Amino acid sequence: MFRLADEALGETKSGNALKIKTDLEALRGKIAEIVKIEVRVNSEKAPEGNYDVVLESEFKDFAALKIYTEHPEHQRVVDFIGKVRIDRAAIDYEF
């Protein structure tokens, strides 16, 4: 999950949230290890203090997750997110 700055890189929070959604979901066609990737943007009607973006992704195993994490296309998106986020929370789990 990501909490975004109200404004960053000349764009609003909602504009940056939509760019993150578009860019992350576009990785599906670029990184074979992705089994599932969905990005949701917090509703503007939601309570103050919520995170702004949530990423849910699925991989066959932790080796595939590592490939995804280190992939140059993913790193490009990570670089952008790093410039517009103010907080991050994450968990990785097996099922």
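Rules used in this analysis
- Residues numbered from 1 in each chain as written.
- Predicted model: local features only at pLDDT ≥ 70, side-chain atom pairs only at ≥ 80, totals over all residues.
- Heavy atoms only, no water.
- Phe/Tyr/Trp six-rings, centres within 6.5 Å; stacked < 30°, edge-to-face > 60°.
- Buried < 20%, exposed > 50% of the residue type's maximum accessible area, 1.4 Å probe, protein only.
- Lys NZ or Arg CZ within 6 Å of the ring centre and 35° of its normal.
- Salt bridge = Lys/Arg side-chain N within 4 Å of Asp/Glu carboxyl O.
- Helix = DSSP H or I, 4+ residues; strand = E, 2+ residues; numbered from the N terminus.
- Arc of directions from axis to C-beta.
- Contact = heavy atoms within 4.5 Å.
- Polar contact = N/O pair within 3.5 Å; in protein donor to acceptor, adjacent residues only side chain to side chain.

Asker: Before we move on, could you go through the packing of aromatic side chains and cite the residues and values that matter?
Answerer: All chains considered together, the criterion is met by two aromatic pairs. Geometrically, the ring pair formed by Tyr 93 and Phe 95 is tilted, given 6.1 Å between the ring centres and 45° between the ring planes. Neither Tyr 93 nor Phe 95 differs from the other in exposure class; each is exposed. Over the ring of Tyr 51 we find Arg 3; its NZ or CZ atom is 4.0 Å from the centre of that ring. In this arrangement the basic side chain of Lys 19 is found over the ring face of Phe 80, its NZ or CZ atom lying 5.0 Å from the centre.

Asker: Could you give me a rundown of the pattern of salt bridges, with the residues and numbers involved?
Answerer: Pairing of side chains with opposite charge becomes possible as their charged atoms draw close. Counting across every chain of the model gives eleven salt bridges. Arg 40 is the partner of Glu 38 in a salt bridge, and the nearest nitrogen-oxygen pair spans 3.0 Å. Note that Lys 66 is salt-bridged to Glu 70, the shortest N-O span being 2.4 Å. Placement of both Lys 66 and Glu 70 in helix H2 (residues 62-70) is noted, with a separation of four residues, approximately one turn of the helix.

Asker: Residues and numbers for H2, please.
Answerer: Looking at H2, one finds that the buried residues are Ala 64, Leu 65 and Tyr 68. Down the axis of H2, the buried side of the element spans an arc of 100°, and every buried residue falls inside it. Those residues of H2 hidden inside the fold are in contact with helix H1 (13-26), strand E4 (34-41), strand E5 (53-59) and helix H3 (72-84). The N-terminus of H2 is capped by Asp 61, whose side-chain oxygen sits 3.2 Å from the backbone nitrogen of Ala 63.

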